[in-house]
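# Descriptive structure summary
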Amino acid sequence: MEPGEPVTECFFFPGSKEVFMNLRGFPQPMVHPSTPAFRMAATPDKGTALFSTRKLKAGDHILTERPLFVGARGAPTQYHANLTREQNTQHALNTLEQHFEVSFKRMSTESKAAFMALANSHKEDGSGPLVGVVRTNALALDDLRPGVKGDIGLYSAVCKDISRLNHSCSPNTSARFDMLSFSYQLFAVRDIAKSEELTYQYTPINCSAAERNKALVPYGFVCACTACTNASTSDPRRAAIEAFRPVVTEWVYDNALADDWLLIKCREHLELIMLEGMEQMPLHFDVVEALMETCICLGDAQGASEWAAKLESFMWEDVRADVKTLLDPASAAYQKHPLWRARLDRGPYGLHKSFNSLAELALKNGGALGPWGMVFPC
């Protein structure tokens, strides 16, 4: 760490610390935006919020911060058969509070004040004051317990600034955790006007307005974003977005589909995603990636390079390294790509001359081998 950088207090299970210590180059200093991009201010009805201080473009870096605290979602507790389910739950919450207290006592005076200044919407459900703040404000962190999947492998991170972001079902930011610097980086997922409020999603947003607001009950508010107030229009669009999954290799082999079928479908869903303000969704990335690969299949290097440049702006996602080689339409990487002209150079049975390479690529992307080695999506 660089001198003077913030310190995060952690409550880790065995093995999680080693995940970081075994990273080559860890720790690295935090990388901050070149110019300030946000300010904090009170709002009439939503408490403290963050606002942009300048125009932002999709992919712009807004802020970087190291969490105040990172803790496990739960602590190991013994189940007592003589207690009710509610009493066992309360015992688990009390135990977790005790563990969090150990970390909290190690915090600096400034960090303690910043932590306790955050909202707590869990004052009436048996959560202690520390657990309540964490449950209200935390960002989920996973992949920190090798071999452990599901909720028991998740951690919660509480930040001084990012945790101040208010919820929207059409958020304009997304946060990415950088392992090497042990810090969150917040990015704009679409263009943001100067003085516009910066927002984040607290719950899944690819469901109906009723389902979203049910999930928001623990936070103590009803969402009044455009998607919720115009649910009759928004809900069908979100259902259509959620139902679509682009599978390039499936389209390549299907002679019943037109050559431009997948381009049209992806563009239609890209428009829906933009209309609904759901640019931070992984599906947005998948659709743009499919558009790039579809152009490659059609031998359109110019179109593919334009979509590759779009992918490069997805700073909040993990973009494959080979995308950089496709930014130049004259790059030799196109002729070497396993999908190059795959739709155009099919044989009489719809198979591409590089079928084995395509099958390997499809399997890597989650497909399954069917009869005669054909690849089908899972």
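Residues numbered from 1 in each chain as written. Predicted model: local features only at pLDDT ≥ 70, side-chain atom pairs only at ≥ 80, totals over all residues. Heavy atoms only, no water.

Hydrogen bonds between backbone groups are what pair the strands of a sheet, and the pairing can be parallel or antiparallel. As summarised here, the arrangement of the four strands in space is 1-5-7-6, forming an open sheet in which the pairing is mixed. Of all strands in the sheet, those bounded by a partner on one side alone are strand 1 (9-11) and strand 6 (139-141). Strand after strand, the sheet turns through a mean of 20° between neighbouring axes, direction not considered. Two elements, strand 5 (residues 69-72) and strand 7 (residues 155-158), share four bridges in a ladder whose sense is antiparallel. Across the sheet, alanine 72 pairs through a bridge with tyrosine 155, a residue of strand 7. (Pairing = 2+ DSSP bridges. Helix = DSSP H or I, 4+ residues; strand = E, 2+ residues; numbered from the N terminus. Axes fitted to C-alpha atoms, helices over the stretch in contact; angles between N-to-C directions.)

Their axes nearest at 10 Å, the elements helix 7 (residues 231-243) and helix 9 (residues 261-276) cross at an angle of 135°. One way to sum up the angle between helix 7 and helix 9 is to call them oblique. Between helix 7 and helix 9 lies a crossing of left-handed hand. Here helix 7 contributes Ser234, Arg237, Arg238, Ala240 and Ile241 to the contact with helix 9, which in turn contributes His269, Leu272, Ile273, Leu275 and Glu276. (Parallel < 35°, antiparallel > 145°, perpendicular 65-115°, else oblique. Left-handed = near helix turned anticlockwise from the far one by under 90°. Contact = heavy atoms within 4.5 Å.)

Moving on to the packing of helix 2 (residues 85-106) against helix 4 (residues 129-137). Remark: helix 2 packs on helix 4, axes separated minimally by 8 Å, with the N-to-C direction vectors making an angle of 90°. The angle between helix 2 and helix 4 places the two elements in the roughly perpendicular class. Counted together, Leu93, Leu96, Glu97, Phe100, Glu101 and Phe104 of helix 2 and Pro129, Leu130, Val131, Val134 and Arg135 of helix 4 form the full contact between these two elements. Looking at the contact of helix 2 with helix 4 residue by residue, the classes come out as eight nonpolar, no polar and three charged. (Nonpolar A, V, L, I, M, F, W, Y, C, P; charged D, E, K, R; others polar.)

Our focus in this paragraph is the pairing of strand 10 (residues 183-188). Moving residue by residue along a regular strand, the side chains alternate between the two faces of the sheet. The buried count for strand 10 comes to six of six residues, which makes it a mostly enclosed element. Here strand 4 (residues 61-65) runs beside strand 10; their pairing, made up of four bridges, is antiparallel. In the sheet register, leucine 63 faces strand 10, and the bridge partner there is leucine 186. Here strand 9 (residues 173-178) pairs with strand 10 via six bridges, running antiparallel. Its bridge partner lying in strand 10, phenylalanine 177 is registered against tyrosine 184. Linking two consecutive strands that pair antiparallel, namely strand 9 and strand 10, is a turn of four residues; a positive phi of about 45° is found at phenylalanine 182 within it. (Buried < 20%, exposed > 50% of the residue type's maximum accessible area, 1.4 Å probe, protein only.)

Okay, the packing of aromatic side chains next. Any aromatic ring pair is given by two values, namely how distant the centres are and how the planes are angled relative to each other. Applying the stated rule across the entire model yields 18 aromatic pairs. Between phenylalanine 11 and phenylalanine 100, the aromatic rings sit 6.1 Å apart at their centres with planes inclined by 70°, giving edge-to-face as the arrangement. Taken together, the residues phenylalanine 11 in strand 1 and phenylalanine 100 in helix 2 connect sequence positions 89 residues apart. Per residue, the accessibility class of phenylalanine 11 equals that of phenylalanine 100, and both read buried. Directly above the aromatic system of phenylalanine 104 lies the positively charged group of lysine 112, at a separation of 5.7 Å from the ring centroid. Above the ring of phenylalanine 13, the side-chain terminus of arginine 145 is found at 3.9 Å from the ring centroid. (Phe/Tyr/Trp six-rings, centres within 6.5 Å; stacked < 30°, edge-to-face > 60°. Lys NZ or Arg CZ within 6 Å of the ring centre and 35° of its normal.)

Time to look at the sheet that holds strand 11 (residues 197-200). A sheet is described by the order of its strands in space; here four strands give the open sequence 2-3-11-8, paired in mixed fashion. Only two strands of the sheet have a single partner each, and these edge strands are strand 2 (38-42) and strand 8 (166-167).

Turning our eyes to something else, we now look at unusual backbone geometry. The omega torsion of the bond from phenylalanine 26 to proline 27 falls at -5°, within 30 degrees of zero and hence cis. Looking at the secondary structure, you find proline 27 in the loop between helix 1 (16-21) and strand 2. Its identity is not glycine, yet aspartate 143 carries a phi of approximately 60°, on the positive side. Counting through the fold element by element, aspartate 143 comes out in the loop between strand 6 and strand 7. Among the residues examined, aspartate 143 registers a relative accessible area of 57% and is labelled exposed. The backbone of phenylalanine 182 shows a phi angle near 45°, a positive value even though the residue is not glycine. By secondary structure assignment, the location of phenylalanine 182 is in the loop between strand 9 and strand 10. For phenylalanine 182, a relative accessible area of 9% puts it in the buried group.

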